[in-house]
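Descriptive structure summary
So the chains spell out like this:
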Amino acid sequence: TTIKYWSMWNKGEPQQVVIQKIIDEYEDANQNVKVDVQWMGREVMSKVRNAALSGDAPDLTEQSGAEIEGALINNKLVEPLNDLLSKKIPKEGTAFQDVFIDDILPFYQKEGNTYFIPYEIISSGFHYNETLFKKYGVEPPATWDQFVEINKKFQSEGLAPLAQDGNIDFYNAYYYYWLVERLMGPGALVKAAGDKTGETWSQPEYLEAAKKVQELADNKFFAEGYKGSQYPAAQTAWASGKSAMILVGSWLSSETAEYSSEDFKYNAFPFPEVEGGKGGKDQAELYLIGWVAPKGADKKAVQDFLAFAMQKKYQEGIVKDTKNISTRKDLEAPEALADFRDIVVNASSYHKEYDGLQAEYPDWWKTVFLPLDDKLIFGEMKAEEFVQQLQKQTKNYWSKK
């Protein structure tokens, strides 16, 4: 048997090294099986989708759950892996479905079918250095008003409150997306993006969210020169103590560890609540990386491999070697990500990263939303015009489809 596996990782990345070890040991334990893996990088999903449409897809691939849902699951280009749920994890005797943190495995289930097997958890929120916060006598804010006040506190002390690499448009998008989540709850952004009339954008909360982003720009809370900051300059400066906070994904600690001082203590707090908003800070973003079997895959072989791969001794590599959060409930997070794991584990509910926008409406996301959002966060466009343009350009976008 040969399992054809197209991976999202590039050779030499920590995740690639961990998965290669799993493959090597699986082949050693199953002499009649060959795992033919190709390390294809982040654009793997478009290649898999094209191959699935032509009937020549791999048996196994991986990406973020949102991308897999948009490219494969919604287009019925996947095989259900329901038999895997009750399968025993080798050498552990535990049912496969029982090793996961609660509500993680079912997150992308459709019509009672399990297609997506997550092994890594990412989320986003504000990163900060606990040592620096203590130095300035600052506590993590729970509300937007408290957040604005601590920005003013840092600013008055001569420290840039917020780091931002302005050349990464989807990093810039975190602020508006999170504010809409807190004001309106999950699904509001996707609803507005998909409204072909553009009228949904006229609801007042969309403008209120934009005004709050404008407030940050107008008050000069972002570090000087953020518009022209080229990744990873701003996050490196933050890790060096030149700014107080940064809003980005939980991968940040592994990317900046070499620049932080010995007394740097990585901590995080969830995006603050907004008074009167429908979304609470106990609602967490769930950005999952995991496996899926495209249409036509050898399901039996794939499920046997995945049961093997989810053994605790291999998933420990996700924690220790890649410095990420494992989906297994019996593995703690790396110390720098302990807060993020707590945010996820203790959440009352989950939503997809960017509300699922980049998976549901990828062209709209890239051509309409991101360019407008850049202008908003850079202070080049006022909140009212931002919403007016979203309404106008969304309607125009759909009229051409």
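Located above this text is the structure these notes cover.
An account of the accompanying structure is given in this report. Just so we're clear, the structure is a prediction, and the values are computed from it rather than from any experiment. Counting restarts for each chain, with residues numbered from 1 along the sequence as it is written. Where totals are concerned, whole chains, interfaces and linings use all residues; where local detail is concerned, this predicted model gives features only for residues with pLDDT of at least 70, and gives and counts side-chain atom pairs only at 80 or more. Working from all heavy atoms in the structure, the side-chain values ignore hydrogens and water.

1. Describing unusual backbone geometry
- Residue Pro232 is reached from Tyr231 by a cis peptide bond, and omega for that bond is 5°.
- Among the structural elements, Pro232 can be located in the loop between helix 8 (204-218) and helix 9 (233-239).
- Phi at Lys323 is positive, roughly 60°, even though this residue is not glycine.
- The way it works is that DSSP assigns letters per residue, a run of H or I at least four long becomes a helix, a run of E at least two long becomes a strand, and they are numbered from the N terminus. Note on placement: Lys323 falls in the loop between helix 12 (312-320) and strand 10 (325-326).
- When a residue's accessible area, from a 1.4 Å probe over protein chains only, is under 20% of the maximum for its type it is buried; when over 50% it is exposed; and in between it is partly exposed. Owing to a relative accessible area of 44%, Lys323 belongs among the partly exposed residues under this scheme.
- Phi is positive for Asp355, which is not a glycine, with a value near 60°.
- Following the sequence through the fold, Asp355 ends up in the loop between strand 11 (349-352) and helix 14 (357-360).

2. Describing the packing of helix 6 (residues 169-184) against helix 15 (residues 362-377)
- An axis is simply a line fitted to the C-alpha atoms; with a helix, the fit covers only the stretch in contact. Between two such axes, the angle follows the N-to-C directions and lies from 0 to 180 degrees. Their axes nearest at 9 Å, the elements helix 6 and helix 15 cross at an angle of 70°. Taken together, the axes of helix 6 and helix 15 lie roughly perpendicular to each other. Contacts from Asp169, Phe170, Asn172, Ala173, Tyr175 and Tyr176 of helix 6 reach helix 15 at Trp365, Phe369, Leu370, Asp373, Asp374, Leu376 and Ile377.
- Basically, the charged four are Asp, Glu, Lys and Arg, the nonpolar ten are Ala, Val, Leu, Ile, Met, Phe, Trp, Tyr, Cys and Pro, and anything else, Gly included, counts as polar. Partitioning the contact of helix 6 with helix 15 into residue classes produces 9 nonpolar, 1 polar and 3 charged. Under this scheme an angle from 65 to 115 degrees is roughly perpendicular, one under 35 degrees roughly parallel, and one over 145 degrees roughly antiparallel; angles in between are oblique. Any two residues whose heavy atoms approach within 4.5 Å are treated as being in contact.

3. Re the pattern of salt bridges
- The rule for a salt bridge is simple: a side-chain nitrogen of Lys or Arg has to be within 4 Å of a carboxyl oxygen of Asp or Glu. Summed over all chains, the structure comprises 14 salt bridges.
- Here Lys4 makes a salt bridge to Asp56, at a shortest N to O gap of 3.6 Å. You can see Lys4 sitting in strand 1 (residues 2-7) and its partner Asp56 sitting in the loop between helix 2 (44-53) and strand 3 (60-64), a full 52 residues away along the chain.
- Note on Lys4: relative accessible area 22%, which makes it partly exposed.
- Here Lys212 and Glu208 are joined by a salt bridge, their closest N and O atoms 3.6 Å apart. Of the two residues, Lys212 and Glu208 both sit in helix 8, 4 residues apart, roughly one turn of that helix.
- For Glu208, a relative accessible area of 30% puts it in the partly exposed group.
- Connected through salt bridges with shared partners, the residues Glu69, Lys110 and Lys352 form a single ionic network.

4. What to know about the side chain of His351
- Along the chain, His351 falls in strand 11.
- Apart from residues no more than four positions distant in its own chain, His351 is found in contact with Phe107, Tyr177, Trp178, Glu181, Pro186, Gln283, Ala284, Glu285 and Leu286.

5. Regarding the packing of helix 1 (residues 14-29) against helix 12
- Between helix 1 and helix 12, the least distance of the axes is 9 Å, while the angle of their chain directions is 165°. In this view, helix 1 runs roughly antiparallel relative to helix 12, as classed from their interaxial angle. As helix 1 runs across helix 12, the sense of the crossing is right-handed. Together, Val18, Ile22 and Glu25 of helix 1 and Lys313, Tyr314, Gly317 and Ile318 of helix 12 make up the contact between the two elements.
- For the contact of helix 1 with helix 12, the class distribution of residues is 4 nonpolar, 1 polar and 2 charged. What makes a crossing left-handed is the near helix being turned counterclockwise from the far one by less than a right angle; a clockwise turn instead makes it right-handed.

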